[in-house]
Amino acid sequence: MVNPSPTGGSRAVARCDTLGAPPFSDMEGGLYRGYLTPAYAAAQAALAGWMQDAGMSVRRDAAANLIGRYEGSVPDAPALLIGSHLDSVRDGGRYDGPLGIMLGIEAVDALRVSERRMPFAIEVIAFGDEEGSRFPAAMLTSRAVAGTLGPESLEVTDAQGVALADAGVDVATYLTAARAPGSTLAYLEAHIEQGPVLEAEGLAVGTVTGIASQLRYQVQVDGMAGHAGTTTMKLRRDALAGAAEMVLAVERIARDHASDLVATVGRIEALPGAANVIPGKVRFTLDIRSGDASRRDRAAEAILDRIAGIAETRELGITIERIHDLPASPCDPMLMDLMDAAIVEAGQPVRRLVSGAGHDAMVMAALGPTAMLFIRCKGGVSHNPAEHVAPADVDIGLRVMLGFIERMGAVHVG
Ligand code: GLV
Ligand code: MN
Ligand code: MN
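First, a word on what this report is: a plain description of the structure on this page. Keep in mind it's a predicted model, so treat the numbers as computed, not measured. (Residues numbered from 1 in each chain as written. Chains lettered and ligands numbered in written order. Predicted model: local features only at pLDDT ≥ 70, side-chain atom pairs only at ≥ 80, totals over all residues. Heavy atoms only, no water.)

Below, the discussion takes up the pairing of strand S2 (residues 66–70). When you tally the buried positions in S2, you get four out of five residues, the bulk of the element. Bridge count between strand S1 (residues 57–60) and S2: four bridges; the pairing is antiparallel. Opposite Arg 59, over in S2, you have Ile 67 as the bridge partner. The hairpin formed by S1 and S2 contains five residues between the paired strands, and Ala 64 there has a positive phi angle of roughly 65 degrees. Pairing analysis gives five bridges linking S2 to strand S4 (residues 122–127), with the strands arranged antiparallel. Of the residues in S4, the one forming a bridge with Ile 67 is Ile 125. (Buried < 20%, exposed > 50% of the residue type's maximum accessible area, 1.4 Å probe, protein only. Helix = DSSP H or I, 4+ residues; strand = E, 2+ residues; numbered from the N terminus. Pairing = 2+ DSSP bridges.)

Take a look at the structure:
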């Protein structure tokens, strides 16, 4: 039995806290770490040191993911991948993503201290772009690793006009980050729950059963810019007033569903953006999710129909681009059983729950079986600087991960 360091959970939390401020954040007074920004490079440098201290060899792949490798006792056996993401949303929390990476490092460190090798290598992967907070794409880097990314997805440009090709990666070789089929034993991701269920039930951890499907659009509304003082109300084609009606329609349709369906307009931009100019152009994002992809798709159809209807009535132009479409991703039943057993061994009750949030795990499912462990977070708050996780809960999470890894070792004896 591999015992985690008694300070492993608090060290994992402290490292996330360290990465929560400049130079590991691109903003003062909070955390924003975009893919391939200066803060991203600084965080990778710190992570590389922590991975080496834990006994891993470290490399950066063609998609700029940072990967630490702890060799197993059986050369060339498929590796157990443990990962999560290093990027964050704007003004986000410190644990969404990095905690799963730190826990991977702590698990390997515990194996190193106990002088244990598993019959498979363990690779800890810090993915670069899960949130899609810099480029209009999400999970670029895990999709590159899973081999599910097409070259057209690399033609993206950030809000400052910087193309991915000029951001510090070579797009000509980017897709070589893909792992060979058969090289992955399984993918394990620990993550804060980002919801209220575990806290409400007084539980530190839970086994994830699957991840809800996601759909994301970029919508552009074209009206006519004009003078705010002279253009009478009847003559206006105000893109922002039209977009406002569309946003409320999105909310109403999602609410009327009375299911797990959720729809969000999370970013909106009105142009030219002046107090005395009627907005001539508006761009907004639309994110739609449900555990049931057909329910999600039906709702998306109803929402897009309604948006088109509003545009027609108001004589506005409309352009809708689908920028992201991921199916629901079930976790592996056998691995869920192993996770439950590790939770029991850690002295915790078993609780299974579904993830409404997206994770790199849903992409990594293309390479092999996936498992996820949720750790309670305060108030279920996430994508918010108030995000908080208790080190004691993270200690339990670490024990569960080690129990899970040991059970994987017993199943896959070399
Ligand atoms: C990632 O946090 C997502 O669910 O969008
Ligand atoms: Mn997130
Ligand atoms: Mn996350």
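Having seen it, we continue.
In this section: the coordination of the manganese ion (ligand 3). Reference geometry at the metal: tetrahedral coordination by four donors gives ideal angles of 109.5 degrees; octahedral coordination by six donors gives 90 or 180 degrees. Distances from the manganese ion (ligand 3) to its protein donors, His 85 (NE2), Asp 96 (OD) and His 191 (NE2), fall within 2.0 to 2.3 Å. As a motif over one chain, the donors of the manganese ion (ligand 3) read H-x10-D-x94-H. Separation of the manganese ion (ligand 3) from the manganese ion (ligand 2) amounts to 3.5 Å, with Asp 96 serving as a shared donor to the pair. Linking Asp 96 in the loop between strand S3 (79–85) and helix H3 (98–113) with His 191 in strand S5 (residues 184–192), this pair joins segments that are 95 residues apart in sequence. Assigned by exposure class, Asp 96 and His 191 land together as buried. (Donors = N, O, S within 2.8 Å, 3.2 Å for Na, K, Ca; no water.)

In the vicinity of ligand 1, the residues found are Glu 130, Glu 131, Gln 214, Arg 216, Arg 289, Ala 357, Gly 358 and His 383. One nitrogen or oxygen atom from the side chain of Arg 216 is found 3.4 Å from an oxygen atom belonging to ligand 1. Coverage of ligand 1 by the protein amounts to 93% of the 190 Å² it exposes when considered alone. (Near = heavy atom within 4 Å. Polar contact = N/O pair within 3.5 Å; in protein donor to acceptor, adjacent residues only side chain to side chain. Areas by Shrake-Rupley, 256 points an atom, 1.4 Å probe, with all protein chains shown as cover.)

Moving on to the packing of aromatic side chains. On inspection of all chains with the given rule, the structure shows three aromatic pairs. Pairing Phe 127 with Tyr 187 gives two aromatic rings, centres 6.2 Å apart and planes at 50 degrees, and the pair type is tilted. Taken together, the positions of Phe 127 in strand S4 and Tyr 187 in strand S5 put the pair 60 residues apart, joining distant regions of the chain. Owing to a relative accessible area of 0%, Phe 127 belongs among the buried residues under this scheme. Among the aromatic side chains, those forming a connected cluster through ring pairs are Tyr 35, Tyr 40 and Phe 135. The ring of Tyr 32 is capped by Arg 90, whose NZ or CZ atom sits 4.2 Å from the centre of that ring. Its guanidinium or amino end placed over the ring of Tyr 70, Arg 117 lies 4.1 Å from that ring's centre, counting from NZ or CZ. (Phe/Tyr/Trp six-rings, centres within 6.5 Å; stacked < 30°, edge-to-face > 60°. Lys NZ or Arg CZ within 6 Å of the ring centre and 35° of its normal.)

To continue, consider the pairing of S3. Taking burial as the measure, the seven residues of S3 include seven buried ones, the bulk of the element. Judged from the four bridges that link them, S3 and S5 form a sheet pairing that is parallel. Within S5, the position partnered with Leu 80 by the bridge is Ala 186.

A word on the pattern of salt bridges. On inspection of all chains with the given rule, the structure shows 25 salt bridges. Between Glu 106 and Arg 11 there is a salt bridge, and its shortest N-O distance comes to 2.7 Å. Of this pair, Glu 106 sits in helix H3 while Arg 11 sits in helix H1 (residues 8–18), and the two are 95 residues apart along the sequence. Classification of Arg 11 as partly exposed rests on a relative accessible area of 29%. Among the charged side chains, a network of salt bridges with common partners joins Arg 11, Arg 15, Glu 106, Asp 109 and Arg 112. (Salt bridge = Lys/Arg side-chain N within 4 Å of Asp/Glu carboxyl O.)

Every protein donor of the manganese ion (ligand 2) is accounted for by Asp 96 (OD), Glu 131 (OE), Glu 131 (OE) and His 383 (NE2), and the metal-donor separations fall at 2.0 to 2.7 Å. For the manganese ion (ligand 2), all donor residues lie on one chain, and their spacing in sequence is D-x34-E-x251-H.

Here Ser 25 lies in the loop between H1 and helix H2 (38–53). A polar side-chain atom of Ser 25 sits 3.0 Å from the main-chain carbonyl oxygen of Met 27. Residues contacting Ser 25, with those up to four places away along its chain left out, are Gly 20, Gly 30, Leu 31, Tyr 32 and Ala 39. (Contact = heavy atoms within 4.5 Å.)

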